[in-house]
Amino acid sequence: MKNLINRARLAWESARNLRARRLRHKNYTYGRQWGDNITTNNGQTMTELQLLRRLGHNPTTYNLLRPLVNTVTGHFRRDIAPDRQRPLLADDTRTLEEFLISGCAIQRLSAERRPDGDGPWADMVSPARFFISDLTDSRGDSAEMVGQIHDMTLARVLMKFSHGDRRRAQRLRQLFDMHASAPDSTDSPSPQGRSVNDTLDFDTPRPGTLRVIEVWTLECGESPRQSRRWSLRPLWHCRYLLPMGDILDHYTAQRHPYVMSFYPMIDGEIHPFVEDIIDHQRHVNRLLTLHDRFIATAAKGVLLFPDNQCSPSMPIDSAMANWKTPDGVVIYTAKPGLPGPQQVSTSAGSLGVEGVIDTHLRLLQESSGVGGALRGQDTAGNVSASLYHDRREGASTALADLTATFTEFLDRRDARLATLT
């Protein structure tokens with residue numbers, strides 16, 4: 001099985017760039033927008049956040065991406081999903097959010113007993129844990145190998161692979177003890193709410209778990225004989241493997257359990273919804289940070305007090321305190337021909353940031369297709385109902401291809417689920 005593991009590892013490594021771009025898009029969507037690496041003049045590599053803080057600046061983030069993603073998912077749930085024959089499942093909205101961020105919608109179908117009952121299940125699969133041998137069509141139909149990586153506790157390993165056989169369970173326990181990662185040595189639990197898929201590699205599981213590689217390969221099997229004719233038929237072979245090649249379980253099926261859609265895909269490239277608007281987001285953040293720096297460095301009531309004019313009857317500390325006190329009196333020794341103490345205050349003025357940001361917001365709406373009408377805005381009294389309807393229809397048209405592609409993905413998923421009941 002070493003050869004199969006190597007093929008799976010190669011497929012995993014070939015998606016490194018896709019995972020890196022997805023992680024960047026995810027970070028921007030959820031407000032972590034200063035993490036791009038840059039190279040300084042002296043050749044050091046660091047994030048933009050590290051560089052700005054080293055220079056004494058506090059970067060500003062005004063997240064425009066998350067509201068756009070929320071608007072599209074809300075539009076889909078309210079205006080499109082009710083027209084479908086089957087209701088949305090638990091993971092469908094989050095799968096749509098992933099679809100907008102990474103351009104990947106992947107679910108794994110199964111029919112098994114779970115704590116919630118028996119029946120078919122559709123589980124969302126993170127692109128960070130998924131691999132495919134040939135990503136050249138948007139539905140993954142050309143692939144001859146697909147799979148994902150799992151991190152399983154001992155309980156999950158025994159329940160999934162022992163099949164009610166005590167000897168199998170004992171062997172599985174031995175494999176777990178030999179190859180599972182050591183549990184976290186700290187007494188405190190791991191931080192909740194953090195991402196668990198950002199720094200994955202192919203072989204190393206989370207603490208206290210066993211890395212299991214699920215691999216589906218397309219092979220050939222004999223078709224049942226019809227008269228004297230012999231033929232071959234495609235057959236999918238599933239294997240659950242450890243990174244070193246041990247087999248935990250295997251079986252065959254007519255098709256693999258994954259339903260997927262990659263959008264938009266041209267020549268194997270995927271350019272998701274949020275990618276087109278990240279540059280606008282970056283520029284807005286930089287303009288706001290520049291404006292904050294300009295305000296921070298402007299003089300704000302600085303007191304210029306010549307040291308040779310301090311009065312012996314009023315120390316400088318008392319003079320400063322009285323200067324800030326309403327109706328205060330400051331005693332100083334005037335010098336002929338020299339100005340007395342004075343306060344300097346400069347206006348930050350306008351850098352034109354507001355106008356540039358408004359332009360970026362307008363361009364962002366045009367490039368994303370998510371205008372104010374789709375968000376329930378633009379409802380001022382001078383906007384007629386017909387004009388508002390036309391604007392909303394225009395926004396829906398701009399997103400029609402995206403939402404139709406995701407709806408087609410759900411329809412294919414529902415058709416597959418119906419065969420598992």
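Everything below is about the structure shown above.
Below, the structure is looked at part by part. (Residues numbered from 1 in each chain as written. Predicted model: local features only at pLDDT ≥ 70, side-chain atom pairs only at ≥ 80, totals over all residues. Heavy atoms only, no water.)

### Some remarks on the layout of surface pockets
At step 1: Of the volumes computed, that of the largest pocket is approximately 680 Å³.
At step 2: Glu112, Arg114, Met152, Arg156 and Lys160 are the residues nearest the centre of the largest pocket, which is lined by 24 residues in total.
At step 3: Sorting the residues of the lining of the largest pocket by element identifies β3 (104–111), β4 (120–124), β6 (145–152), α6 (154–161) and β9 (247–253) as the ones contributing at least two each.
At step 4: Ranked by the residues each element gives to the lining of the largest pocket, the list is headed by β6, at 5 residues.
At step 5: Considered class by class, the residues forming the lining of the largest pocket number 8 nonpolar, 4 polar and 12 charged. (1 Å grid on protein atoms, 1.4 Å probe; cavity = no way out; pocket = protein on both sides within 12 Å on 5 of 7 lines; lining within 4 Å. Points joined across faces, edges and corners; volume = space filled by probe spheres on them. Helix = DSSP H or I, 4+ residues; strand = E, 2+ residues; numbered from the N terminus. Nonpolar A, V, L, I, M, F, W, Y, C, P; charged D, E, K, R; others polar.)

### Details of unusual backbone geometry
At step 1: Look at the link from Tyr263 to Pro264: it is a cis peptide, with omega at -20°.
At step 2: Summarising the element assignment, Pro264 is placed in the loop between β10 (258–262) and β11 (265–266).
At step 3: With phi around 55°, His163 is a residue other than glycine that occupies positive phi space.
At step 4: Of note in the backbone geometry, Asp267 takes a positive phi value of approximately 55° without being a glycine.
At step 5: Residue classification places Asp267 among the exposed residues on the basis of a relative accessible area of 78%. (Buried < 20%, exposed > 50% of the residue type's maximum accessible area, 1.4 Å probe, protein only.)

### Brief notes about the environment of Arg139
At step 1: Position of Arg139 among the secondary structure elements: in the loop between β5 (130–132) and β6.
At step 2: It is 8.4 Å that separates the C-alpha atoms of Arg139 and Phe409, two residues lying 270 residues apart in sequence.
At step 3: Dropping the residues within four chain positions of it, Arg139 is found in contact with Met260, Glu408 and Arg412.
At step 4: There is a polar contact of 2.9 Å between the side chain of Arg139 and the side chain of Glu408. (Contact = heavy atoms within 4.5 Å. Polar contact = N/O pair within 3.5 Å; in protein donor to acceptor, adjacent residues only side chain to side chain.)

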